[in-house]
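Below, each chain spelled out in residue letters.
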Amino acid sequence: MRYVVDLGERPSAAIAGTEARFPVRRIFCVARNYAEHAREMGYDPDREPPFFFTKPADALVEDGCDVPYPPRTQNLHHEVELVVAIGKGGRDIPVAGAEGHIYGYAVGNDLTRRDLQHLAKKDGRPWDTAKGFDFSAPMGPIHRVDEVGHPRAGRIWLTVNGETRQDGDLAAMIWSVPEVIAELSTLYALKAGDLIFTGTPAGVGAVVPGDEIACGIDGLGTLTNRIA
């Protein structure tokens, strides 16, 4: 007996200023890449190698769209992040050449089922159910490098119902974007279409149905979503 598998349409992201789309291959994320956030999560930040986890590509949610409140959680958290879109692949990419692999940047929100994450940490289990659920990766349009350059510093912020929750600076990253790319490329062969969520500053917190989340990064616009 043969089975027909419908792979559907490949997930993609909007590109700022154009009708073109950016086909998305994989979503990688960096944990605890801002010292103050690491401390609020109960860790002593240092320069140990970055810790990575993933989300499915179809977890993406576009700017302006509602995010359904996920099942099996009573503690859904927001985490605003700089997202890197890879335009050229490679393995064992040197730090000095890493920016040459970047297509552009976007604002993202790494939604997290914090209660499930705490249980996973306690039991030494993977974070998949806490991080990789449906609609867990809201992301704004990708801004091309040839238009915005490489943001190494600048305000990164998030509000819930108009109240500021997170307010930091990209310069406070423990590991820079080139260092993240270089380290990740020793674990995976990066390819065009990969996205990297690069970590969140302090101030993460819970959201509930009806909340309006707005977040932004200097030069990359604003991402707005409502929890439904």
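Enquirer: Teacher, can you tell me more about helix 5 (residues 177-184) here?
Expert: Because each turn of an α-helix spans 3.6 residues, side chains separated by three or four positions end up pointing in the same direction. Here helix 5 lies mainly inside the structure; six of its eight residues are buried. Of all the residues in helix 5, the buried ones are Val177, Pro178, Val180, Ile181, Ala182 and Leu184. Where helix 5 is buried, its residues touch strand 3 (27-31), strand 4 (51-55), strand 8 (80-86), strand 9 (102-109) and strand 15 (195-197).

Enquirer: What am I meant to see in the side chain of asparagine 33 here?
Expert: With respect to the helices, strands and loops of the structure, asparagine 33 is situated in the loop between strand 3 and helix 1 (35-40). You can call asparagine 33 buried: its relative accessible area is 1%. Reaching out from asparagine 33, the side chain makes a polar contact with the backbone nitrogen of tryptophan 175 at a distance of 2.8 Å. Not counting chain neighbours up to four residues away, the residues in contact with asparagine 33 comprise Ala172, Met173, Ile174, Trp175, Val180, Thr198 and Gly199.

Enquirer: Just checking my understanding: could you explain the pattern of salt bridges for this structure?
Expert: Two side chains bearing opposite charge may form a pair once their charged atoms approach each other closely. Taken as a whole and assessed by the stated rule, the structure comprises 12 salt bridges. Aspartate 110 is the partner of lysine 55 in a salt bridge, and the nearest nitrogen-oxygen pair spans 2.8 Å. Pair noted here: lysine 55 is in strand 4 and aspartate 110 is in the loop between strand 9 and strand 10 (112-113), with a separation of 55 residues, a long-range link. Judged by its relative accessible area of 4%, lysine 55 is buried.

Cut-offs applied
- Residues numbered from 1 in each chain as written.
- Predicted model: local features only at pLDDT ≥ 70, side-chain atom pairs only at ≥ 80, totals over all residues.
- Heavy atoms only, no water.
- Buried < 20%, exposed > 50% of the residue type's maximum accessible area, 1.4 Å probe, protein only.
- Helix = DSSP H or I, 4+ residues; strand = E, 2+ residues; numbered from the N terminus.
- Contact = heavy atoms within 4.5 Å.
- Polar contact = N/O pair within 3.5 Å; in protein donor to acceptor, adjacent residues only side chain to side chain.
- Salt bridge = Lys/Arg side-chain N within 4 Å of Asp/Glu carboxyl O.

Note that every value here comes from positions in space, so none of it alone points to a role or purpose.
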